[in-house]
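Results of the structural survey
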Amino acid sequence: VTAPMYWVLSSMDRWILGYIDGAASVGIYSIGYNVAVVSLLLNTAIQSVWLPEATREYERQPESAAAVLGPLAERFIVALALMWLAVTAAGGDAIRLLVSSEFYSASGLVPLIALGAFFYGVLQLANAALIIKKKLHYAIWWWVAGAIICLGLNILLVPKLGRIGSAITQACSFGVVAIGIVISAQRC
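A short tour of the structure in this document, coming up. Keep in mind that this is a model prediction, so the values were computed, not measured.

Considerations on the environment of Pro-4
The topology assignment puts Pro-4 in helix 1 (residues 2–21). Residue Pro-4 is classed as partly exposed on the basis of its relative accessible area, which comes to 43%. The sequence separation of Pro-4 and Ile-140 amounts to 136 residues, and the corresponding C-alpha distance is 11 Å.

Structure below.
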């Protein structure tokens, strides 16, 4: 369920933007989106080591795993935040370097879309605790809530704010899912 929900959250913005604002707006938005999601490279790198190592630590010493894994997760979150900052700082320059001036307005979208990617990284870190405790079903409800929020915010914000409304929706939707999964993981 979480994979289709990720697809919905990461695609719905362009569907609704295209329906309301047209293909040209989606093209500009997509340029900003593609630059902003470069931060997913770090997310993938962290995930490739985080879950196996967190599982190994939990299986080795379940009673002290939280004390070991908590500070490590904090460092990863700081790394994700620094990646957000780097993408935000360089995103506008990258867009101006790569595309023609008609697409320069995509620069303003990069920080918000990259924030959504940051939240996605955080929720992936928290998912590890749910997987280890065999409680991943808690995450499903947060993904469903995120999809509902994504649909609602897109319908509310895109007609008024266009591409910026889509980017705000992207960040808020992934933020809600991340916060919910982090809370669920901490309770487990």
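Brief notes about the nonpolar core
Trp-50, Ile-113, Leu-123, Trp-143 and Ile-181 are the most contacted members of the largest nonpolar core, which has 52 residues in total. Elements with a minimum of two residues in this core: helix 1, helix 2 (23–36), helix 3 (40–60), helix 4 (65–98), helix 5 (110–132), helix 6 (137–161) and helix 7 (163–187). Those residues in contact with Leu-123, other than ones at most four positions away along the chain, are Trp-143, Phe-174, Val-177, Ala-178 and Ile-181.

Description of the environment of Gly-27
Here Gly-27 is to be found in helix 2. Distance in space between the C-alpha atoms of Gly-27 and Arg-14 is 9.1 Å, their sequence separation being 13 residues.

Some details on the packing of helix 1 against helix 7
Packed helices, taken two at a time, are described by the angle their axes make and the gap between the axes. Closest axis-to-axis distance for the helix 1/helix 7 pair is 10 Å, and the angle between their directions is 160 degrees. With respect to helix 7, the axis of helix 1 lies roughly antiparallel. Helix 7 is crossed by helix 1, and the crossing has right-handed handedness. Between helix 1 and helix 7, the residues in contact are Tyr-6, Leu-9, Ser-10, Asp-13, Leu-17 and Asp-21 and Arg-163, Ser-166, Gln-170, Ser-173, Phe-174 and Val-177, respectively. Its residues placed into classes, the contact of helix 1 with helix 7 shows five nonpolar, four polar and three charged.

Conventions used here
- Position numbers for residues count from 1 along each chain, tracking the sequence in the order it is written.
- Reporting of local features is limited, given that this is a predicted model, to residues whose pLDDT is at least 70; pairs of side-chain atoms are given and counted only at 80 or more, and all residues count toward the totals for whole chains, interfaces and linings.
- Calculation of side-chain values draws on the structure's entire complement of heavy atoms; hydrogens and water are dropped beforehand.
- Secondary structure counts use DSSP, requiring at least four H or I residues in a row for a helix and at least two E residues in a row for a strand, with both numbered from the N terminus.
- Between buried and exposed lies partly exposed: a residue is buried under 20% and exposed over 50% of the maximum accessible area for its type, with that area taken using a 1.4 Å probe on protein chains only.
- Nonpolar cores are built from buried Ala, Val, Leu, Ile, Met, Phe, Trp, Tyr and Cys residues. Side-chain atoms within 4.5 Å join them into one set.
- Throughout, a contact is declared for two residues whenever any of their heavy atoms are within 4.5 Å.
- Every angle, taken between N-to-C directions, lies between 0 and 180 degrees, and every axis is a line fitted to C-alpha atoms, over only the stretch in contact when it is a helix.
- If an angle is under 35 degrees, it is roughly parallel; if it is over 145, roughly antiparallel; if it lies from 65 to 115, roughly perpendicular; otherwise it is oblique.
- Crossings are assigned a handedness: left-handed for a near helix turned anticlockwise from the far helix by less than a right angle, right-handed for a clockwise turn.
- Ten residue types, Ala, Val, Leu, Ile, Met, Phe, Trp, Tyr, Cys and Pro, are classed as nonpolar, four, Asp, Glu, Lys and Arg, as charged, and the remainder, Gly among them, as polar.

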